[in-house]
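Spelled out from the first residue to the last, the chains are:
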Amino acid sequence: QVQLVESGGGLVQAGGSLRLSCAASGRTFTNYVMGWFRQAPGKEREFVAAISRAGWNTYYADSVKGRFTISRDNAKNTVYLQMNSLKPEDTAVYYCAANSGSSYYTAGMYAFWGQGTQVTVSS
């Protein structure tokens, strides 16, 4: 079991940047693939980005590729999502999630979730 706490959300104008952080508990952080998902009102929760256990491989949704960067610092038990060139359509609650398997894209494959952090991008 792992506990996850997101932070760093807020209000930003279009074209701006935010960095989200997800702090994880325990000494088994490297056992988990880590992912970011987001959910806007009336929409399904969607995949944003994921990173492999050692941080050597990253995966992105087409909608954020080239703008967002996922990274992890295993010494700090923390995963990050750097979001640049933000657009109003990025507005959503962003969730950090942990996956003990190796499937990156599907929310149902992630067993542990943070509480979410709101990101609002104004036009």
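This text follows the structure it describes.
All values derive from a computational prediction rather than experimental measurement.

### Focus on unusual backbone geometry
Note on backbone geometry: most residues besides glycine have negative phi, and most peptide bonds are trans. Its identity as a non-glycine residue notwithstanding, N77 has a phi of 55 degrees, on the positive side. Looking at N77, the relative accessible area reads 16%, which means it is buried.

### Comments concerning the side chain of S52
Tracing the chain through its elements places S52 in the loop between strand 5 (46-51) and strand 6 (58-60). What makes S52 buried here is its relative accessible area of 7%. If sequence neighbours within four positions are ignored, S52 has contacts with N57, R72 and Y104.

### Remarks on the environment of G35
Counting through the fold element by element, G35 comes out in strand 4 (residues 33-39). In the structure, G35 is positioned 25 residues away from Y60 in sequence and 9.7 Å away in space, judged by C-alpha atoms. Leaving out residues up to four positions away in the same chain, G35 has contacts with A49, A50, Y95, C96, A97 and Y110.

### Things to note about the sheet that holds strand 7 (residues 68-73)
Reading across the sheet, the 4 strands line up as 1-3-8-7 and stay open at both edges, with antiparallel pairing between neighbours. Each of the sheet's edge strands pairs with one partner strand only, and the pair in question is strand 1 (4-7) and strand 7. Strand-to-strand twist of the sheet, defined as the mean angle between neighbouring strand axes without regard to direction, takes the value 15 degrees. With 6 bridges connecting them, strand 7 and strand 8 (residues 78-83) associate as antiparallel partners. By the bridge assignment, I70 is partnered in strand 8 with L81.

Reading guide: rules and limits
Residues numbered from 1 in each chain as written. Predicted model: local features only at pLDDT ≥ 70, side-chain atom pairs only at ≥ 80, totals over all residues. Heavy atoms only, no water. Buried < 20%, exposed > 50% of the residue type's maximum accessible area, 1.4 Å probe, protein only. Helix = DSSP H or I, 4+ residues; strand = E, 2+ residues; numbered from the N terminus. Contact = heavy atoms within 4.5 Å. Pairing = 2+ DSSP bridges. Axes fitted to C-alpha atoms, helices over the stretch in contact; angles between N-to-C directions.

In short, shape yes, function no, at least from these values alone.
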